[in-house]
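Listed below, chain by chain, are the residues.
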Amino acid sequence: MKYVFDFAWLGQYWPVLLKGIGITIELIAVGAVLGVALGIFCAWARALGPGWLRPAITAYVELIRNTPFLIQLFFIFFGLPSLGLQMSELQAANLAMIVNLGAYSCEIIRAGIQATPRGQFEAGASLAMSPIQTFRYVILVPSLQRIWPALSSQIVIVMLGSAVVSQIAAEDLTFAANFIQSRTFRAFEAYFVSTAIYLLLAIALRQVLAAAGLLIFPRRMRR
Amino acid sequence: MIEFSLWDILRNLLLATRWTVLLSLVAFIGGGLVGTLLLFMRIGKRRALRLFARYYVELFQGTPLLMQLFLAFFGLGLFGIDVPAWLAAAVALILWTAAFLAEIWRGCVEAIARGQWEASSSLGMGYVQQMRYVILPQALRIAIPPTVGFSVQVIKATALTSIIGFVELSKAGTMVTNATFQPFTVYGLVALIYFALCWPLSKSSQILERKLNVAHRNH
Amino acid sequence: MSLIEITEVRKSFGANEVLKGINLDVEPGEVIAIIGKSGSGKSTLLRCINGLENIDSGSISVAGAQLQPDEIHLKALRLKVGMIFQQFNLFPHLTAGGNVMLSQMVVKKTAKPEAEAMAHKMLERVGLAHKFDAYPDELSGGQQQRVAIARALAMQPIALLCDEITSALDPELVSEVLAVVRELAAEGMTLLMVTHEMKFARDVCSRVVFMHQGRAHEIGPPDAVFSNPKTPELKQFLGML
Ligand SMILES: Nc1ncnc2c1ncn2[C@@H]1O[C@H](COP(=O)(O)OP(=O)(O)OP(=O)(O)O)[C@@H](O)[C@H]1O
Ligand SMILES: [Mg+2]
């Protein structure tokens, strides 16, 4: 093998990478917050919500979990405009990530809700709280705490999966790598560097989520 | 301009689905073999191998599959071979699948080992014997549902190989869209075909899981 | 008019009829012990009064308000009747104070300072003012149950339902909870309690209800019920046969 590795392009192109990193972080920040919010709503609807809503949520969850994220993204970005829903690349990327994480986190959070002892629901009810109030103030936080590690892993998976939003020209980290390789013809080096950055981002995201867990759930779980 | 009927679209997509299925099988079987190897390194006695397997898994689970595909595609190219997309796709997917399967299976082995280890070592068995006769047979049983479940991830992961130019279902979707200008219909159908492939596996995994849980409770 | 009026209440789980026409009127300030074998329907009766189970027929009213299974009626009823459970059911993510404050703020929309003051007062009443900031898993079983009592009291109910509230406690912790209940009784709180503490029932209660196979088999003042049971079932239950 005569290939000589060359990373000299980094000197010129690091701002491009930096911008890509920024967008990837932005995507996962928005996607995680809104995706988990959607997941909480769906988990509530599926476990405790009105009967008519449950089949719709189930269909949504099954559809998302059994199709590739790439196709969801293409459907949203290329398909929805024919229904008059036009959006920018970043909006489509955001929406796709929210919809995707919403479905996965729904299932994870639902498991947390179902592991709640029945007495917690009854204690809430006997204190004259409505079912929604009981869910909001009594059930939700311990349920989230129970499944926080699984939810964190899923958020990391969605962050790594977000690499494909470059395919609709959302200018994330992968888009930056594509751009650099097309200019420098240093494809392997460009992807090598961005892969390393993704690895660091994943490690950092795990740390952030663990810290967030400590912040949201200051107490260790009983049992 | 040619008119495409729904049937034309669907036929083209279904023809490409063959490649999705084939690539999934290759990735799953190849990944299973490499994954087994990794598993034995991971739970084995040699520290260096254990560490290697651990970092391998961490690396492949901590980076985007798309990047792994790019690196396989361009990395193999560095050896001066003109790499066909299918080869890069198969290599990357096998290595990626192996990491996840090894990790899933390690969880199963450890779940069994926790309870059984002392029991079997008190019977005077060696490490290999314990593994062979006590741990692995049981671990295999509880490993089936999550393994079936992961096959769904493999099928979905093959969609990414379209990006390096392998023509399977997703790539066909893009090509048909470019010819028909009907992205809503085409990507809708593509999604439904993936769903038809994945959903039965998801359901089987759930059913197997439930059966296993019932069996465990009846013990 | 009685405070709690239970008339011909029936309740089935599938084919299993658990309550077979219960009649019981409770006057304000009465302390009623419900005794009976396991499975006789004691818990189910209490849970029906609190609307945790829907009754199949008959009626329950508390202070003139009818029990009905819609959210508005249930809320009105539960504001009048508090319930304390065998397993305490404290909220694990909130401190003792937080447990007592939560429903005041959420249900009654009490402002935080008032809710906090009330929580202090109620914890004081059960002897746990110093545990305001402790989490449930930092408290003993007896302390947890006393917090649960404080939590129910903070809603200012006119009656309390207690379902075997000392059964999950280590023996040495039973008395501290019973002491609190005794005090409540002395202050005139209306109490309906399922209990196995016969001595306590005898000392504190105004009436004892013996439940057998889904019926209020024998009702009377403790002396009559314990010393002079009329039915063979009660005699057997009390170990007199
Ligand atoms: N949610 C339920 N579904 C079906 N059956 C139930 C349910 N709750 C109670 N039962 C049945 O109703 C009967 C009465 O139960 P209940 O809990 O009221 O008895 P209990 O008198 O409180 O007994 P214990 O002293 O053991 O607490 C039992 O046969 C029980 O199996
Ligand atoms: Mg009971």
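Residues numbered from 1 in each chain as written. Chains lettered and ligands numbered in written order. Predicted model: local features only at pLDDT ≥ 70, side-chain atom pairs only at ≥ 80, totals over all residues. Heavy atoms only, no water.

Trainee: Help me get a handle on the packing of aromatic side chains, residues and values and all.
Mentor: On inspection of all chains with the given rule, the structure shows 22 aromatic pairs over all chains. Measuring from ring centre to ring centre gives 5.3 Å for B:F100 and B:F150, while their planes differ by 15°; the resulting arrangement is stacked. Highlighted residues: B:F100 in helix α4 (residues 85-122) and B:F150 in helix α5 (residues 127-157), separated in sequence by 50 residues. Note on accessibility: B:F100 and B:F150 belong to one class, buried. Through a chain of ring-to-ring contacts, three or more aromatic side chains come together here, namely A:F5, A:F7, A:W9, A:F188 and A:F192. In this structure, B:R54 packs its charged tip against the face of B:Y55, placed 5.3 Å from the ring centre. A cation over an aromatic ring shows up here: C:R151 above the ring of C:F91, its NZ or CZ 4.4 Å from the ring centre. (Phe/Tyr/Trp six-rings, centres within 6.5 Å; stacked < 30°, edge-to-face > 60°. Helix = DSSP H or I, 4+ residues; strand = E, 2+ residues; numbered from the N terminus. Buried < 20%, exposed > 50% of the residue type's maximum accessible area, 1.4 Å probe, protein only. Lys NZ or Arg CZ within 6 Å of the ring centre and 35° of its normal.)

Trainee: Got a sec to walk through the site of ligand 1? Specific residues and values, please.
Mentor: All names here are of chain C. Contacts to ligand 1 come from F13, N16, V18, K37, S38, G39, S40, G41, K42, S43, T44 and E164. A distance of 3.3 Å separates an oxygen atom of ligand 1 from a polar atom in the side chain of E164. For ligand 1, the protein covers 61% of the area, taking 640 Å² as the surface of the free molecule. Among the residues making up the shell around ligand 1, the classes are represented as two nonpolar, seven polar and three charged. (Near = heavy atom within 4 Å. Polar contact = N/O pair within 3.5 Å; in protein donor to acceptor, adjacent residues only side chain to side chain. Areas by Shrake-Rupley, 256 points an atom, 1.4 Å probe, with all protein chains shown as cover. Nonpolar A, V, L, I, M, F, W, Y, C, P; charged D, E, K, R; others polar.)

Trainee: Hey, could you go over the side chain of A:N66 for me, with residue numbers and the actual values?
Mentor: The residue A:N66 is located in the loop between α2 (54-65) and α3 (69-79) in this model. A polar atom in the side chain of A:N66 sits 2.9 Å from the backbone oxygen of A:E62.

Trainee: How would you explain helix α7 (residues 173-184) of chain A if you had to name every residue and give the values?
Mentor: For α7(A), built from twelve residues, the straight-helix expectation of 16 Å at 1.5 Å per residue is met to within 8% by its first-to-last C-alpha distance of 16 Å. Packing partners of the buried residues in α7(A) comprise α1 (10-47) and α8 (187-216) of chain A together with α3 (65-78) of chain B. Among the residues of α7(A), the N-terminal cap falls to A:D172, whose side-chain oxygen and the backbone nitrogen of A:T174 are separated by 3.3 Å. Just downstream of α7(A) lies A:F185, where phi reads positive at about 60°. (Expected span 1.5 Å × (residues − 1). Contact = heavy atoms within 4.5 Å.)

Trainee: So what's going on with the sheet that holds strand β2 (residues 16-26) of chain C? Which residues, and what values?
Mentor: Residue and element names in this part refer to chain C. Taken together, the four strands give an open sheet; going across it, the order is β2-β1-β4-β5, and neighbouring strands pair in antiparallel fashion. In the strand order of this sheet, the two ends are held by β2 and β5 (65-66), each with one partner. In this sheet, strand β4 (residues 57-62) lies alongside strand β1 (residues 4-13) in antiparallel orientation, the contact comprising five bridges. Residue pairing across strands places I6 opposite I60, the latter belonging to β4. Lying over the sheet, helix α1 (residues 42-49) contacts β1, β2 and β4, oriented at roughly 60° with respect to β2. (Pairing = 2+ DSSP bridges. Axes fitted to C-alpha atoms, helices over the stretch in contact; angles between N-to-C directions.)

Trainee: Please set out the environment of B:F60 residue by residue, giving values where relevant.
Mentor: All names here are of chain B. Structurally, F60 is set in helix α2 (residues 47-61). Taking relative accessible area as the criterion, F60 reaches 14% and is therefore assigned buried. C-alpha separation for the pair F60 and A111, spaced 51 residues apart in sequence, amounts to 23 Å. Setting aside its immediate chain neighbours within four residues, F60 contacts Q68, L95, W96, A99 and F100.

Trainee: Hey, could you go over the sheet that holds strand β6 (residues 81-84) of chain C for me, with residue numbers and the actual values?
Mentor: All names here are of chain C. Ordered by their spatial adjacency, six strands build an open sheet running β6-β7-β8-β3-β9-β10, and the pairing between neighbours is mixed. Two strands bound the open sheet, and with one partner strand each, they are β6 and β10 (215-220). Shown here is a sheet whose adjacent strand axes are inclined to one another by a mean of 20°, direction ignored. Both strand β3 (residues 31-36) and strand β8 (residues 190-194) contribute to a ladder of four bridges, which runs parallel. Among the inter-strand pairings, V31 is bridged to a residue of β8, identified as L191.

Trainee: Account for the UniProt feature "domain: ABC transporter" (unreviewed entry) in chain C, with residues named and values stated.
Mentor: If you check UniProt for "domain: ABC transporter" (unreviewed entry), the listed places come out as residues 4-238 of chain C in our numbering. Strand forms 26% of residues 4-238 of chain C and helix 39%; the C-alpha atoms that close the span are 27 Å apart. (UniProt positions renumbered as here; feature names shortened; annotations may be inferred.)

Trainee: Got a sec to walk through the packing of helix α5 (residues 118-126) of chain A against helix α6 (residues 131-161) of chain A? Specific residues and values, please.
Mentor: Residue and element names in this part refer to chain A. Two numbers describe how α5 lies on α6: the axes approach to 10 Å, and their chain directions differ by 130°. On the basis of their axis angle, the class for α5 and α6 is oblique. As α5 runs across α6, the sense of the crossing is right-handed. Contacts from Q120, F121, G124 and A125 of α5 reach α6 at T134, V138 and I139. Split by residue class, the contact of α5 with α6 holds four nonpolar, three polar and no charged. (Parallel < 35°, antiparallel > 145°, perpendicular 65-115°, else oblique. Left-handed = near helix turned anticlockwise from the far one by under 90°.)

Trainee: Report on the interface of chain B and chain A, specifying residues and quantitative values.
Mentor: Each partner contributes to the interface: chain B provides 35 residues, whereas chain A provides 37 residues. Summed over both partners, the interface of chain B with chain A comes to about 3100 Å²; 78% of that surface belongs to carbon and sulfur atoms. At the surface where chain B touches chain A, the tally comes to zero salt bridges. At the boundary of chain B and chain A, one finds four residue pairs in polar contact (both at pLDDT 80 or more). Those elements giving two or more residues to the side of chain B that touches chain A turn out to be α2, α3, α5, α6 (169-180) and α7 (183-217) of chain B. Here the element with the most residues in the side of chain B that touches chain A is α7(B); it accounts for twelve residues. In terms of residue class, the side of chain B that touches chain A is made up of 22 nonpolar, eleven polar and two charged. (Buried area = accessible area lost by both parts, 1.4 Å probe. Salt bridge = Lys/Arg side-chain N within 4 Å of Asp/Glu carboxyl O.)

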